[in-house]
Amino acid sequence: MDTSKVKTVIVIESEVTRPCPVCGERLGGSGEDFEKSLSHALEKHDYALLHVGPLTFRDDRDDLIHGVIAVCGSHKTFPPRPARDKDKPWVFGVK
Ligand SMILES: [Zn+2]
């Protein structure tokens, strides 16, 4: 894929879920959820995998969290979806 022509990206993280920017399905999570999310972006919306690698950050208790992040890109643009309450990102471990 020619990355200079990428117009939209989907970021998938093992420690955070967020809505798919195309259809609103919740993406992200660890293990099988991460795999399903990646398949969703690649197969359902024809995104290409641009990057996958480790993700490290500190949570609200200052504990070091390790995860995985994947960035998928597309040459297409999609109309913006109206925001919904359940679209708010949710970070694992944060109360
Ligand atoms: Zn989707």
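Residue positions are given per chain, counting from 1 as you read along its sequence in written order. With pLDDT at 70 or above as the cut-off, local features in this predicted model cover only qualifying residues; side-chain atom pairs require 80 or more to be listed or tallied, and sums for whole chains, interfaces and linings still use all residues. Only hydrogens and water are set aside; all other atoms, that is, all heavy atoms of the structure, feed into the side-chain values.

### Brief notes about the coordination of the zinc ion
In this structure, Cys20 (SG), Cys23 (SG), His40 (NE2) and His45 (NE2) serve as the protein donors to the zinc ion, at separations of 2.0 to 2.3 Å. Distances up to 2.8 Å from the metal define which N, O and S atoms are donors, and 3.2 Å serves for Na, K and Ca; water is absent from the atom set, so sites may look incomplete. Sites are called tetrahedral only when four donors show all angles between 85 and 135 degrees, square planar or octahedral only when four or six donors show opposite pairs over 155 degrees and all other angles between 65 and 115, and irregular in any remaining case. One can describe the donor arrangement at the zinc ion as tetrahedral, given that its 4 donor atoms subtend angles of 100 to 119° at the metal. Counting gaps between the donor residues of the zinc ion yields the pattern C-x2-C-x16-H-x4-H. Separated by 25 residues along the polypeptide, Cys20 in the loop between β2 (16-19) and β3 (26-27) and His45 in the loop between α1 (32-44) and β4 (48-58) bring together distant segments of the chain. Throughout, exposure labels follow a simple rule: accessible area from a 1.4 Å probe, protein chains only, divided by the maximum for the residue type, with under 20% read as buried, over 50% as exposed, and the rest as partly exposed. Given the relative accessible area of 0%, Cys20 is considered buried. Overall, His45 belongs to the buried group, its relative accessible area being 9%. Helix and strand labels come from DSSP, where a helix needs a run of H or I of at least four residues and a strand needs a run of E of at least two; each type is numbered from the N terminus.

### Comments concerning the pattern of salt bridges
Take a side-chain nitrogen of Lys or Arg and a carboxyl oxygen of Asp or Glu: if they are within 4 Å of each other, that pair is a salt bridge. A complete count under the given rule lists 6 salt bridges for this structure. For Asp2, the salt bridge identified is with Lys5, shortest N-O distance 3.3 Å.

### A few points about the pairing of β4
Two strands pair when backbone bridges link them, and β4 and strand β5 (residues 64-74) are joined in this way by 10 bridges, in the antiparallel orientation. Within β5, the residue paired with Pro54 across the bridge is Val68. Only strands that DSSP links by at least two bridges are regarded as paired with each other.

### Here's the deal with the nonpolar core
By size, the foremost hydrophobic cluster in this structure holds 11 residues: Ile10, Ile12, Cys20, Val22, Leu27, Phe34, Leu38, Ala41, Tyr47, Ala70 and Cys72. Of all the elements in the fold, those that place two or more residues in this core are β1 (8-13), α1 and β5. Residues contacting Leu38, with those up to four places away along its chain left out, are Ile12, Leu49, Ala70 and Cys72. Buried Ala, Val, Leu, Ile, Met, Phe, Trp, Tyr and Cys residues that are joined via side-chain atoms within 4.5 Å together make up what is termed a nonpolar core. By definition, residues are in contact when any of their heavy atoms lie within 4.5 Å.

### Details of α1
In this analysis, the expected span of each helix is defined as 1.5 Å times one less than the number of residues it contains. Here α1 contains 13 residues, and its C-alpha end-to-end distance of 17 Å stays within 8% of the 18 Å for a straight helix at 1.5 Å per residue. Buried within α1 are the following residues: Phe34, Ser37, Leu38, His40 and Ala41. In an axial view of α1, the angular spread of the buried residues amounts to 150°, which keeps them on one side of the axis. For α1, the exposed residues lying more than 90 degrees away from the buried face are Glu32, Glu35, Lys36, Glu43 and Lys44. Where α1 is buried, its residues meet β1, β3, β4 and β5. Of all possible arcs, the one meant is that of the directions from the helix axis to the C-beta atoms.

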